[in-house]
Amino acid sequence: MELKDQALIVTGGASGIGRAACLALAEKGANLIVADFNLDGAEAVAKEVEALGKGVKAFAYKVDVSKAEEVEALVEFAVEKLGTLNGMFNNAGIGLVKPFLEMDPASYLKVIEVDQHSVYYGLYYGAKKMVELGAKGAFVNTASIYGSIAARGSFNYNAAKAAVVSMSRSGALELAEYGIRVVGVAPGFIDTPILGDDPAAKAPLAAQHMHNRLIQPEKVASVVAFLFSDAASAVNGSTVAVDDGFLSFKV
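Basis of the calculations
Within each chain, residue numbers correspond to sequence positions counted from 1 in written order. The predicted nature of this model means local features are confined to residues of pLDDT at least 70 and side-chain atom pairs, given and counted, to a pLDDT of 80 or more, with totals for whole chains, interfaces and linings taken over all residues. For the side-chain quantities, the full set of heavy atoms in the structure was used; hydrogens and water were omitted. Segments assigned H or I by DSSP are reported as helices when at least four residues long, segments assigned E as strands when at least two residues long, and all are numbered from the N terminus. Throughout, the radius of gyration refers to the C-alpha atoms, and the reference size of a globule is 2.2 Å times the residue count to the power 0.38. When a residue's accessible area, from a 1.4 Å probe over protein chains only, is under 20% of the maximum for its type it is buried; when over 50% it is exposed; and in between it is partly exposed. Positive residues here are Lys and Arg, negative ones are Asp and Glu, while His and the chain termini are left out of the count. One atom stands in for each charge, and that atom is NZ of Lys, CZ of Arg, CG of Asp or CD of Glu. Pairing between strands requires that DSSP locate at least two bridges from one strand to the other. Helix axes are fitted only over the stretch in contact, all axes being lines through C-alpha atoms; the angle between N-to-C directions runs from 0 to 180 degrees. A contact between two residues is defined here by any heavy atoms of the two lying within 4.5 Å. Each angle gets one of four labels, with under 35 degrees taken as roughly parallel, over 145 as roughly antiparallel, 65 to 115 as roughly perpendicular, and the rest as oblique. By convention the crossing between two helices is left-handed if the near helix lies anticlockwise of the far one by an angle smaller than a right angle, and right-handed if it lies clockwise. Ten residues, namely Ala, Val, Leu, Ile, Met, Phe, Trp, Tyr, Cys and Pro, are considered nonpolar, four, namely Asp, Glu, Lys and Arg, are considered charged, and the remaining ones, Gly among them, are considered polar.

Caption draft 1: Broad picture of the overall build of the protein chain. Helix and strand counts for the protein chain come out as eight helices and seven strands. What you see for the protein chain is a C-alpha radius of gyration of 17 Å, in line with the 18 Å of a compact globule of 251 residues. The 251 residues of the protein chain split such that 52% are buried. Counting 22 positive and 28 negative side-chain charges, the protein chain places the averaged centre of each group 3 Å from the other.

Caption draft 2: Up close: the sheet that holds strand β2 (residues 31-36). With parallel pairing, seven strands are arranged side by side in an open sheet as β3-β2-β1-β4-β5-β6-β7. Single-partner strands in this sheet number two, and they are β3 (58-62) and β7 (239-242). Taken over all neighbouring pairs, the strand axes of this sheet differ in orientation by 20 degrees on average, direction set aside. Both strand β1 (residues 7-11) and β2 contribute to a ladder of five bridges, which runs parallel. When the bridges of β2 are listed, Val 10 appears paired with Val 34. Here helix α2 (residues 39-51) sits on the sheet in contact with β2 and β3, set at roughly 175 degrees to β3.

Caption draft 3: Seen up close, the packing of helix α1 (residues 16-27) against helix α7 (residues 217-228). Taken N-terminus to C-terminus, the directions of α1 and α7 make an angle of 50 degrees; their axes are 8 Å apart at the nearest point. On the basis of the axis angle, α1 is oblique to α7. As for how α1 packs across α7, the hand of that crossing is right-handed. Each of Gly 16, Ile 17, Arg 19, Ala 20, Ala 21, Ala 24 and Leu 25 in α1 lies in contact with α7, whose residues at this interface are Pro 217, Glu 218, Val 220, Ala 221, Ala 225 and Phe 228. Each residue belonging to the contact of α1 with α7 can be placed in one class, and the counts come to 10 nonpolar, one polar and two charged.

Printed below as a string of structure tokens:
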């Protein structure tokens, strides 16, 4: 599972799953671009990575992943700083809960542009650059349990995450001939600040997992690190549920 000298981009790297993934990938030897709209947060994570003492490089980069030209610039920055590119964790995402009949086009597109279009941009610009460089590697895309089920108030999020599952599958088929894998991860309810600090509010979410607890970001990050490694070379096109049985539990 070593990733020594791999050059990887992590979007949404300033917090939550992204931050945990940066630390897990660096532990395995990967050099990183910590990309996020929150530049201060990205810089803090880059410093955390370098403080691990693994001899890896980490650079922060501010990006709005909903804009194609900014993702293209991110890829160019990564190659400039790291010398090559071996893959990308397309992880940045947002949520916006509204009943469907209140979900106007602006509300719908706000989530689609960040959670869905950004994955396409990452795959497109990242893979083009890797093929140009003759570099092999992998893309890991953050989907969700909501990509496989219906959930009230999340029509836009559900649609975006279902698309990520499909893009991971189709991207794998298109890019296999170039030695590039594409996979997805579908987290359950993750214990991050976005859920707040109220244990009573968190309890119903935790109860939807088989072990009746929220999933820690590090648990997802360890799967992400595995998926980037040669140990996962036979994992391609699929989306791995990191959900403590949520999807099985719901059936």
